[in-house]
Amino acid sequence: MKFKFSKALRKAQDKGEVSNIRLAQIMGVFPQQVALWRTKDDAKLSLAVRICDALDIDVVDFIKMGKADD
């Protein structure tokens, strides 16, 4: 299974109706950082876990959201 971090992040934000600005506030980063994350195909697991904690979703569900349609 191929995984795309950006796809998972966009889907997770859409599902939770969380904007880049709101996610940045929750995580203590600038909105520009979230915008960069939304373009990354890959990221560290620690970042995915932090985002999942911020969005209150399970890491496994997050990974499933990023499944590539290849």
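First, a word on what this report is: a plain description of the structure on this page. (Residues numbered from 1 in each chain as written. Predicted model: local features only at pLDDT ≥ 70, side-chain atom pairs only at ≥ 80, totals over all residues. Heavy atoms only, no water.)

A short note on the environment of L45
So, step 1. Summarising the element assignment, L45 is placed in helix α4 (residues 45–55).
So, step 2. Note on L45: relative accessible area 57%, which makes it exposed.
So, step 3. Along the sequence, L45 and V59 sit 14 residues apart, while their C-alpha atoms lie 9.2 Å from each other. (Helix = DSSP H or I, 4+ residues; strand = E, 2+ residues; numbered from the N terminus. Buried < 20%, exposed > 50% of the residue type's maximum accessible area, 1.4 Å probe, protein only.)

What about unusual backbone geometry?
So, step 1. Despite not being glycine, E17 shows a phi value in the positive range, around 55 degrees.
So, step 2. When you line up the elements, E17 lands in the loop between α1 (5–16) and α2 (20–27).
So, step 3. Classification of E17 as exposed rests on a relative accessible area of 74%.

Some remarks on the side chain of S6
So, step 1. Structurally, S6 can be placed in helix α1.
So, step 2. The class for S6 is buried, based on a relative accessible area of 5%.
So, step 3. Other than its neighbours up to four places away in sequence, S6 contacts W37, R38, T39, K40 and D41. (Contact = heavy atoms within 4.5 Å.)

Some details on the side chain of Q13
So, step 1. Along the chain, Q13 falls in helix α1.
So, step 2. Excluding its chain neighbours within four sequence positions, the residues that come into contact with Q13 are V18, S19, N20, L23, V34, R38 and L55.

Remarks on the packing of α2 against α4
So, step 1. Where α2 meets α4, the axes come as close as 10 Å, and the angle between the chain directions of the two elements is 105 degrees. Between α2 and α4, the angle falls in the class roughly perpendicular. In this structure, α2 uses L23, I26 and M27 to contact α4, whose residues at the interface are L47, R50, I51, A54 and L55.
So, step 2. Grouping the constituent residues of the contact of α2 with α4 by class yields seven nonpolar, no polar and one charged. (Axes fitted to C-alpha atoms, helices over the stretch in contact; angles between N-to-C directions. Parallel < 35°, antiparallel > 145°, perpendicular 65-115°, else oblique. Nonpolar A, V, L, I, M, F, W, Y, C, P; charged D, E, K, R; others polar.)

Digging into the packing of aromatic side chains
So, step 1. As enumerated under the stated definition, the model contains two aromatic pairs in all.
So, step 2. Between F3 and F62 the ring centres are 6.3 Å apart and the planes differ by 55 degrees, which places this aromatic pair in the tilted class. Residue F3 is located in the segment before α1, and its partner F62 is located in helix α5 (residues 59–65); the two are separated by 59 residues in the primary sequence.
So, step 3. According to the relative accessible area criterion, F62 is buried, its value standing at 0%.
So, step 4. With a centroid separation of 5.7 Å and an interplanar angle of 65 degrees, the aromatic rings of F5 and F62 are classed as edge-to-face. Placement of the pair is F5 in helix α1 and F62 in helix α5, with a sequence separation of 57 residues. (Phe/Tyr/Trp six-rings, centres within 6.5 Å; stacked < 30°, edge-to-face > 60°.)

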